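# Analysis of the macromolecular model
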Amino acid sequence: MKKTTWSGVLLVVAGAAVVSVVAIGCQKTMNSSGITATEDSGGEELFATQEDAQKQAGALAWSQNCMRCHNFRRPRERSDREWEVIVHHMRVRANLTAEEHRLILRFLQSAN
């Protein structure tokens, strides 16, 4: 049986807190005009395009899936074609859904 250390427990709790904060920050609601709206802490609606909402969803999927095993990489470190190959390879290894694959790839390529 493996002995649990406090530093390991704290790391898991801190990681869960970060993922929760990112997930809460990326929650969106759709209005009838097709523009994504969200509320800031003052209760005002902030609007973003559908493309911005997809980039945020891709960033969330990237942080939840890729960042579990990999250190932070800047999306600009690779070309669009390199990200295409990498994300396709990792779709198989990380068991990503087609939607997660599409969102992550679009997010990474949007930086180039």
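As the structure is a prediction and not an experimental result, all values here were calculated from the model. (Residues numbered from 1 in each chain as written. Predicted model: local features only at pLDDT ≥ 70, side-chain atom pairs only at ≥ 80, totals over all residues. Heavy atoms only, no water.)

## Examining the overall build of the chain
- A tally of helices and strands in the chain yields four helices and three strands.
- Listed N to C, the secondary structure of the chain is α-β-β-β-α-α-α in terms of helices and strands.
- By the burial criterion, 19% of the 112 residues in the chain qualify as buried.
- Contacts in the chain between residues far apart in sequence, at least 24 positions, make up 46% of those at least 6 positions apart.
- Approximately 8,400 Å² of the chain is accessible, and the part contributed by carbon and sulfur atoms is 58%. (Helix = DSSP H or I, 4+ residues; strand = E, 2+ residues; numbered from the N terminus. Buried < 20%, exposed > 50% of the residue type's maximum accessible area, 1.4 Å probe, protein only. Contact = heavy atoms within 4.5 Å. Areas by Shrake-Rupley, 256 points an atom, 1.4 Å probe, with all protein chains shown as cover.)

## Some thoughts on the confidence of the model for the chain
- Per-residue pLDDT for the chain averages 73, and the proportion of residues at 70 or more is 57%.
- This model gives residues 16–24 a pLDDT under 50, and the stretch forms four contacts once residues within four places in sequence are excluded.
- Note on residues 26–36: pLDDT under 50 across the span, and 23 contacts to partners over four residues away in sequence or across chains. (pLDDT = per-residue confidence, 0-100.)

## Side note on the packing of helix H3 (residues 80–93) against helix H4 (residues 98–110)
- The geometry of H3 relative to H4 is characterised by a closest axis approach of 10 Å and an angle of 155° between their N-to-C directions. Classified by the angle their axes make, H3 and H4 are roughly antiparallel. Read as a crossing pair, H3 and H4 show a hand that is right-handed. Contacts between H3 and H4 involve Asp80, Trp83, Glu84, Val87, His88 and Arg91 on the former and, on the latter, Ala98, His101, Ile104, Leu105, Leu108 and Gln109.
- Of the residues that constitute the contact of H3 with H4, the class distribution is six nonpolar, three polar and three charged. (Axes fitted to C-alpha atoms, helices over the stretch in contact; angles between N-to-C directions. Parallel < 35°, antiparallel > 145°, perpendicular 65-115°, else oblique. Left-handed = near helix turned anticlockwise from the far one by under 90°. Nonpolar A, V, L, I, M, F, W, Y, C, P; charged D, E, K, R; others polar.)

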